[in-house]
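Remarks on the overall topology
The primary structure of each chain is shown beneath.
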Amino acid sequence: MTQLKPGPMPIHSPDSRARTYTWQDPLIGAEAAQQLSGLEYLRGMARGEFPPPPIGDTLGFRLPREEDVQDGQVTFYLTPEEFHYNPIGSVHGGVYATLLDSALGCCIHTKLPAGVGYTTLDLAVKYLRPLKIGMGEVRAVGQVISVSKRIATAEARILDAAGKPYAHATTTCLILRPSAAGGQS
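What comes next is a walk through the structure. Predicted, not measured: the structure shown is a model, and the values here were computed from it.

Considerations on the pairing of strand E3 (residues 73-78)
Summarising burial for E3: 5 of the 6 residues are buried, a large majority. Pairing between strand E1 (residues 61-62) and E3: 2 bridges, direction antiparallel. Within E3, the position partnered with Arg62 by the bridge is Tyr77. Direction of pairing for strand E2 (residues 69-70) relative to E3: antiparallel, over a ladder of 2 bridges. Each bridged residue has a counterpart across the sheet, and for Val69 the counterpart in E3 is Val74. Where E2 folds back onto E3 in an antiparallel hairpin, the turn is made up of 2 residues, including Gly72, whose phi is positive at roughly 85°. The sheet contact formed by E3 and strand E5 (residues 138-147) spans 6 bridges and is antiparallel. Bridge assignment links Leu78 to a residue of E5, and that residue is Val138.

Some thoughts on helix H2 (residues 38-46)
Turning to H2, its buried residues are Gly38, Leu39, Tyr41, Leu42, Gly44 and Met45. Each element contacted by the buried residues of H2 is listed here: helix H1 (26-33), E2 and helix H4 (93-109). Taken from the residues just after H2, Gly48 is the one with a positive phi, measuring 90°.

Remarks on the packing of aromatic side chains
Counted by the stated rule, this structure contains 4 aromatic pairs. When the ring of Tyr21 is compared with that of Trp23, the centres are 5.7 Å apart and the planes differ by 45°; the resulting orientation is tilted. Residue classification places Tyr21 among the partly exposed residues on the basis of a relative accessible area of 33%. Residues Tyr41 and Phe50 carry aromatic rings whose centres are separated by 5.4 Å and whose planes lie at 35° to one another, so their mutual orientation is tilted. Residue classification places Tyr41 among the buried residues on the basis of a relative accessible area of 8%. The class for Phe50 is buried, based on a relative accessible area of 16%. Sitting over the ring of Phe83, Arg19 keeps its end group 3.7 Å from the ring centre.

Overview of H4
Along its 17 residues, H4 runs 24 Å from first to last C-alpha, staying within 8% of the 24 Å computed at 1.5 Å per residue. Of all the 17 residues making up H4, 13 are buried; the element is thus mostly covered by neighbouring parts of the structure.

Parameters and conventions
Residues numbered from 1 in each chain as written. Predicted model: local features only at pLDDT ≥ 70, side-chain atom pairs only at ≥ 80, totals over all residues. Heavy atoms only, no water. Buried < 20%, exposed > 50% of the residue type's maximum accessible area, 1.4 Å probe, protein only. Helix = DSSP H or I, 4+ residues; strand = E, 2+ residues; numbered from the N terminus. Pairing = 2+ DSSP bridges. Contact = heavy atoms within 4.5 Å. Phe/Tyr/Trp six-rings, centres within 6.5 Å; stacked < 30°, edge-to-face > 60°. Lys NZ or Arg CZ within 6 Å of the ring centre and 35° of its normal. Expected span 1.5 Å × (residues − 1).

Listed below in structure tokens is the structure:
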């Protein structure tokens, strides 16, 4: 088997690009989230009362406005940019998955009372068509299917301005309720 050796990587070139960004302390919001229902917390974040999660700044998500956070439904926004691209000239599938996972988790969070958390057990993404620069903003709409004492399920879609689907996903999340000993179970 032949191994390819990478060539020297130029530090600077006329075509190099750069991107910088800042973020706020995510633990400020995480602490506030323990005292508020998921719906109250996410609406507060949309109003700017709590710092947004750094992943939104990292990937360039536009966080939901307050009207995008409803009981059981949350919408996130993204404009495909060059820094999202994979080696074949379209938005990397991991960007789709992260955008969908964010909408899915947050729509479930809207159904949870204060002090109750969740974690993703399963994420299944179906990619339908490529996202590319110049196409404008897309939205990921997450909607709860079911929330029980221990398990929640939801579905989400990435749609363009005309409502054309680019991907869809489902998730199963484990609900983390406080235990009698003070931790989460």
